[in-house]
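Observations on the model geometry
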Amino acid sequence: MDENARGKGKDMTEVSGQNPETQLLDKYRGGDVEALGILVEKYRKPLFAFIGNMTRSHAEADEVFQEVWFKAIRKLALYRDKNFGGWLMRIAHNTVIDRARKLKNECSLDSGSEGGNGGSLGSVLPAPGQDPSAHTAAGELGKRISAAVAALPHEQKAVFLMRIEMDLPFKEIAGIQKVSINTALARMHYAVGKLRTLLKNDYEALAAQRLEQERPI
Amino acid sequence: MNCEQWQHQLLLAESGELADGDRKALDAHVATCHACMDFRNSTRVLSEAVRPVLRRGTPSPSTLAAIREEAAARVGGTRMLVLRPFVLQIAACAAAFALVVGGWFFLRSGESLAPDAIHQVGSLLTMVSEQHADGTGVPAVSASDEDARIRALARELLRMEGLGFDEVL
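My aim in this report is to walk through the structure given alongside it, one point at a time. As the structure is a prediction and not an experimental result, all values here were calculated from the model. (Residues numbered from 1 in each chain as written. Chains lettered and ligands numbered in written order. Predicted model: local features only at pLDDT ≥ 70, side-chain atom pairs only at ≥ 80, totals over all residues. Heavy atoms only, no water.)

**Comments concerning the overall build of chain A**
Within chain A, the secondary structure is distributed over 12 helices and 0 strands. Moving toward the C terminus, one meets the helices and strands of chain A in the order α-α-α-α-α-α-α-α-α-α-α-α. Residues classed as buried in chain A amount to 49% of the 217 residues present. Across chain A, the fraction of contacts at a sequence separation of at least 24, relative to all contacts at a separation of at least 6, is 56%. Summed over its atoms, the accessible surface of chain A is roughly 10600 Å², and 51% of this surface lies on carbon and sulfur atoms. (Helix = DSSP H or I, 4+ residues; strand = E, 2+ residues; numbered from the N terminus. Buried < 20%, exposed > 50% of the residue type's maximum accessible area, 1.4 Å probe, protein only. Contact = heavy atoms within 4.5 Å. Areas by Shrake-Rupley, 256 points an atom, 1.4 Å probe, with all protein chains shown as cover.)

This is the structure we're talking about:
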């Protein structure tokens, strides 16, 4: 399906020279539900990877993924951006933040009744080793990589995921996080540094593996 | 520029947000700086290692089915919303047209009435000033409609001055 989506998009680009996503959205607006299905399939993996690593369980990630698409479908008439993936990621980021705030308030109410001080935003976001990818990744290395990503501070992790999963430019990431581009760059910089530290025992093997893949046959 | 700033430039270069001129300067620095070269390699190695691991999760079939159902249910509503700006544009054009036509008629009627109104006010003022100058009253008026209108206006003005029209006559 993914290949199919890419193939259709490519054909449309070649024919008209226009953005294939815009054409798919126009087709959906014209009543072709399958056109939106192609977009859902195209962004299924990167979007779910972002959401899955920003929430605490697979069930929660499923809920957020559905909520994001429902919001996107309802707001589609207002969509005027050039980058559909960036727009989708903005909705996903805001949904994750809103959900975390809501959970934080609920935690505060609960802890308030027990005489506690209330939970921080970080306490309702995934803790190291709790993210769904950690359970689904094959092999020990995959688990260690998932755990390292999960251990990143929330904002750094969001920048890192938006950058590597959706290939968003820093200008757009800064806009989504409502920070300066220098702050977004600094967050990515810290994320890379921290991942390098957390995966120091695996880094050499990963670098060698990459060199092996790049070597011409 | 320190290495952290160069590394920010490296990140911008990787995302395609660095100008060609800046890229040349960056390449020249990285070629001689071990720390920045290492950072560039780290970014690439980690991104490529992390991406396939994180993408192993997938939404459940029921979630995808629910999205499909929502998309099918909303497609009509979306079309209506898309039409809305077009309808608003038509309405705005119609309102602008009505405004222009109405304004044109208003100005045209103003032009045709204005000389007559000025003439009537001038006559009235002359008549009133004559009444006050010699106290003999207004000149004899004709029975025409125009004169009757002037007499009515003069009567009103004199009443406001505290004089009765008949007294002046």
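Having seen the model, we can carry on.
**Considering the nonpolar core**
All names here are of chain A. Formed by 80 residues in total, the largest nonpolar core has its most connected members in Leu 36, Leu 47, Phe 50, Ile 51, Trp 69, Phe 84 and Phe 170. Here this core takes 13 residues from helix α3 (residues 33-54), the largest share from any one element. The contacts of Phe 84, once residues within four sequence positions are left out, are Glu 21, Leu 25, Leu 39, Tyr 43, Trp 69, Leu 76 and Tyr 79. (Core = buried A, V, L, I, M, F, W, Y, C linked by side-chain atoms within 4.5 Å.)

**Overview of the interface of chain B and chain A**
The interface of chain B with chain A comprises 44 residues on the first partner and 55 residues on the second. Applying the counting criterion to the chain B and chain A interface returns 4 salt bridges. Where chain B packs against chain A, one counts 16 residue pairs in polar contact (both at pLDDT 80 or more). Listing elements by their share of the side of chain B that touches chain A, those giving two or more residues are α1 (3-14), α3 (34-54) and α4 (61-134) of chain B. The residue inventory of the side of chain B that touches chain A, partitioned by class, reads 19 nonpolar, 12 polar and 13 charged. (Salt bridge = Lys/Arg side-chain N within 4 Å of Asp/Glu carboxyl O. Polar contact = N/O pair within 3.5 Å; in protein donor to acceptor, adjacent residues only side chain to side chain. Nonpolar A, V, L, I, M, F, W, Y, C, P; charged D, E, K, R; others polar.)

Nothing here speaks to function; it is geometry throughout.
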